[in-house]
Amino acid sequence: MRILVMSDIHANYTALEAVLKDAGAVDETWCLGDLVGYGPDPNAVVEEIREIKNLTCLMGNHDVGVIGKMSLDTFNGEAKRSLIYHEQVLSASNMDFIKSLPSNVKVRGEASIVHGSPRDPVWEYILNAMTASLNFDYFDTPWCFVGHTHLPSMFIRDEEQTRILVSPTQPDTIVQLRPKMILNPGSVGQPRDRDPRASYAIYDTEARTWTPKRVTYNIPEVQERIRAAKLPEKHAIRIAEGW
Ligand code: ZN
């Protein structure tokens, strides 16, 4: 099976469209959460996601925020402003869809999938070897796919279980999967590795490969909508710079 793995769309409809088009035909789509937050298009993104066939979609921390399951004060001021806006504009049925998303680790064949980390599914960021090492014992599958950091990256534990290799992944450089690995497809709507292109990955279950992908999209168009919605200017600037 050819599976589209993506995360952290953050209400950026133009980036999502570019990813779906670039990925082409897939057997399944796994979305690792954060449909909303930061961007201008929460309804368009949720509607597009709801249309996808063979979808597994998880709940991210911004999704938890927008459904009122936790105080928005957990978020920084600018992130909070976007979530308040999203809360106001989301249609009832799109809100219900977000509320229906699971926030726990899901197992799909040889992969575990989760928004943050296997031991703390919604909130923990796997950014370094230390955090990765603590998480390898929390999943039983050979590999685990996570989102949340917005950084396309991988963490590999060697067979002796003594060392963790941490590395950014490179677009179109195929990763041969082997036990035990944690991989992150990066962010569709708000990449943070200084590459503003939308980020995702293709997982091939037979070849056991992970192919990181990047695709350009019309960033000025999204910036215009961010400004029209009077969302923080920072959110417009950062999508053009990739941070
Ligand atoms: Zn996010």
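Before reading on, note that the structure itself is shown above.
Notes on the structure in this doc start here.

The rules behind these values
- Position numbers for residues start from 1 in each chain and track the written sequence from start to end.
- Local features are withheld for residues below a pLDDT of 70 in this predicted model, meaning they are given only at 70 or higher, and side-chain atom pairs are given and counted only at 80 or more; totals for whole chains, interfaces and linings count all residues.
- As a rule here, side-chain values come from all non-hydrogen atoms in the structure, and water together with hydrogens is ignored.
- Elements are defined by DSSP. Helices are runs of H or I of four residues or more, strands are runs of E of two residues or more, and each kind is numbered from the N terminus.
- Polar contacts here mean pairs of N or O atoms no more than 3.5 Å apart (in protein, one a potential hydrogen donor and the other a potential acceptor; neighbouring residues in sequence count only if both atoms are side-chain atoms).
- Residues are treated as being in contact if the distance between any of their heavy atoms lies within 4.5 Å.
- An axis is simply a line fitted to the C-alpha atoms; with a helix, the fit covers only the stretch in contact. Between two such axes, the angle follows the N-to-C directions and lies from 0 to 180 degrees.
- What sets the label is the angle itself: under 35 degrees gives roughly parallel, over 145 gives roughly antiparallel, 65 to 115 gives roughly perpendicular, and the rest give oblique.
- Note on residue categories: nonpolar means Ala, Val, Leu, Ile, Met, Phe, Trp, Tyr, Cys or Pro, charged means Asp, Glu, Lys or Arg, and polar means any other residue, Gly included.
- In short, DSSP must find at least two bridges between two strands for them to pair.
- Criterion for a salt bridge: a side-chain nitrogen of Lys or Arg within 4 Å of a carboxyl oxygen of Asp or Glu.
- The cut-offs for exposure are 20% and 50% of the maximum accessible area for each residue type, with area from a 1.4 Å probe on protein chains only; residues under the lower value are buried, those over the upper are exposed, and the others partly exposed.
- When the centres of two rings from Phe, Tyr and Trp lie within 6.5 Å, Trp using its six-membered ring, the rings pair. Their planes under 30 degrees apart give stacked, over 60 give edge-to-face, and anything left gives tilted.
- Whether a charge lies above a ring is judged from NZ of Lys or CZ of Arg, which has to be within 6 Å of the ring centre and within 35 degrees of the ring normal.

**A word on the side chain of S187**
Right, so step 1: Here S187 lies in the loop between β10 (181-184) and β11 (198-204).
Right, so step 2: At 2.7 Å, the side chain of S187 and the backbone oxygen of D8 are in polar contact.
Right, so step 3: In this view, S187 contacts S7, D8, H150, A198 and S199; residues no more than four positions away in its chain are not counted.

**Things to note about the packing of helix α7 (residues 219-228) against helix α8 (residues 233-241)**
Right, so step 1: At a minimum axis distance of 9 Å, the contact between α7 and α8 shows a crossing angle of 170°. Taken as axis vectors, α7 and α8 run roughly antiparallel relative to one another. Residue-level contacts link I219, V222, Q223, I226 and R227 of α7 to E233, H235, A236, I237, I239 and A240 of α8.
Right, so step 2: Its residues placed into classes, the contact of α7 with α8 shows 7 nonpolar, 2 polar and 2 charged.

**A closer look at the sheet that holds strand β7 (residues 153-157)**
Right, so step 1: One open sheet accounts for 6 strands, arranged β4-β5-β6-β10-β7-β8; its pairing is mixed. Where the open sheet ends on each side, the last strands, each with one partner, are β4 (106-108) and β8 (164-168). Each neighbouring strand pair of the sheet contributes to a mean axis angle of 20°, computed without reference to strand direction.
Right, so step 2: With 3 bridges connecting them, β4 and strand β5 (residues 111-114) associate as antiparallel partners. By the bridge assignment, V107 is partnered in β5 with S112.

**Some words on the pattern of salt bridges**
Right, so step 1: Taken as a whole and assessed by the stated rule, the structure comprises 13 salt bridges.
Right, so step 2: With a closest N to O distance of 4.0 Å, D195 and R214 form a salt bridge. One end of the pair, D195, is in the loop between β10 and β11; the other, R214, is in strand β12 (residues 209-215), and 19 residues separate them in sequence.
Right, so step 3: Taking relative accessible area as the criterion, D195 reaches 17% and is therefore assigned buried.
Right, so step 4: Close ionic contact of E233 with R227 constitutes a salt bridge, the shortest N to O distance being 2.7 Å.
Right, so step 5: Given the relative accessible area of 38%, E233 is considered partly exposed.
Right, so step 6: Beyond isolated ion pairs, a larger network of salt bridges with shared partners links D193, D195, R197 and R214.

**As for the packing of aromatic side chains**
Right, so step 1: A full pass over the atoms with the stated rule returns 6 aromatic pairs.
Right, so step 2: On the basis of an interplanar angle of 35° and a centroid distance of 6.2 Å, the ring pair of W30 and F145 is categorised as tilted. Of this pair, W30 sits in strand β2 (residues 28-31) while F145 is found in strand β6 (residues 143-146), placing the two residues 115 residues apart along the sequence. Of the two residues, W30 and F145, neither departs from the other in class, the shared state being buried.
Right, so step 3: The interplanar angle of 80° and the centroid separation of 4.9 Å between the aromatic rings of F145 and Y203 together place this pair among those described as edge-to-face. In this pair, F145 is assigned in strand β6 and Y203 in strand β11, connecting sequence segments 58 residues apart. In this structure, F145 and Y203 share a single accessibility class: buried.
Right, so step 4: Among the aromatic side chains, those forming a connected cluster through ring pairs are W30, F145, Y203 and W210.
Right, so step 5: Residue placement shows R238 over the ring face of Y38; its charged tip is 5.4 Å from the ring centre.

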